[in-house]
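# Results of the structural survey
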Amino acid sequence: MDKDILNEVIEAEKDIQQCIEQEQARLRDWLDGVKKDAAEAIARFERNDGAALSQSLEEAKRDAEKRAKQAVESAESRAGRLKDLDDAVLTAVIMKRLPRILLE
């Protein structure tokens, strides 16, 4: 009778061990799937982030080119107006601003 109980305990332990091994295999498969999904999500994010970065860079470049063009046009316009001034007017402007220039 003791052997029957011992055999039942051993069989129960084997069943428990088998259940544990099956659960561990199921968890390993699940964890592998989660790792794969996470890696794919990171790769998608990096691709999207790279595209967004490229787009932002292009927008910044276009904005900088626009501002540079406006600055050049403004400088050319101002230079054109100054070019048309005669020497007497330029001398008067310089004399008026000379004290301020010397103080700086």
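Please refer to the structure placed before this passage.
Below or above, wherever it landed, is the structure these notes cover. (Residues numbered from 1 in each chain as written. Predicted model: local features only at pLDDT ≥ 70, side-chain atom pairs only at ≥ 80, totals over all residues. Heavy atoms only, no water.)

Taken together, the side chains of Ile 94, Met 95, Leu 98, Ile 101 and Leu 102 make up a nonpolar region of the molecular surface, amounting to roughly 520 Å² of accessible area. Along the chain, Leu 98 turns up in helix H2 (residues 87-103). (Patch = residues over 30% accessible without salt bridge, like charges linked within 9 Å, V, L, I, M, F, W, Y side chains within 5 Å. Areas by Shrake-Rupley, 256 points an atom, 1.4 Å probe, with all protein chains shown as cover. Salt bridge = Lys/Arg side-chain N within 4 Å of Asp/Glu carboxyl O. Helix = DSSP H or I, 4+ residues; strand = E, 2+ residues; numbered from the N terminus.)

Using the criterion set out here, one finds 3 salt bridges in the structure. Of the charged contacts, one joins Glu 11 and Lys 14 as a salt bridge, the two residues approaching to 4.0 Å between their closest N and O atoms. Separated by 3 residues within a single helix, Glu 11 and Lys 14 lie in helix H1 (residues 2-83), roughly one turn from each other. The closest approach of N and O atoms between Arg 26 and Glu 23, which form a salt bridge, is 2.5 Å. With Arg 26 and Glu 23 both in helix H1 and 3 residues apart, this pair spans about one turn of that helix. Here Glu 23 falls in the partly exposed class, since its relative accessible area comes to 36%. (Buried < 20%, exposed > 50% of the residue type's maximum accessible area, 1.4 Å probe, protein only.)

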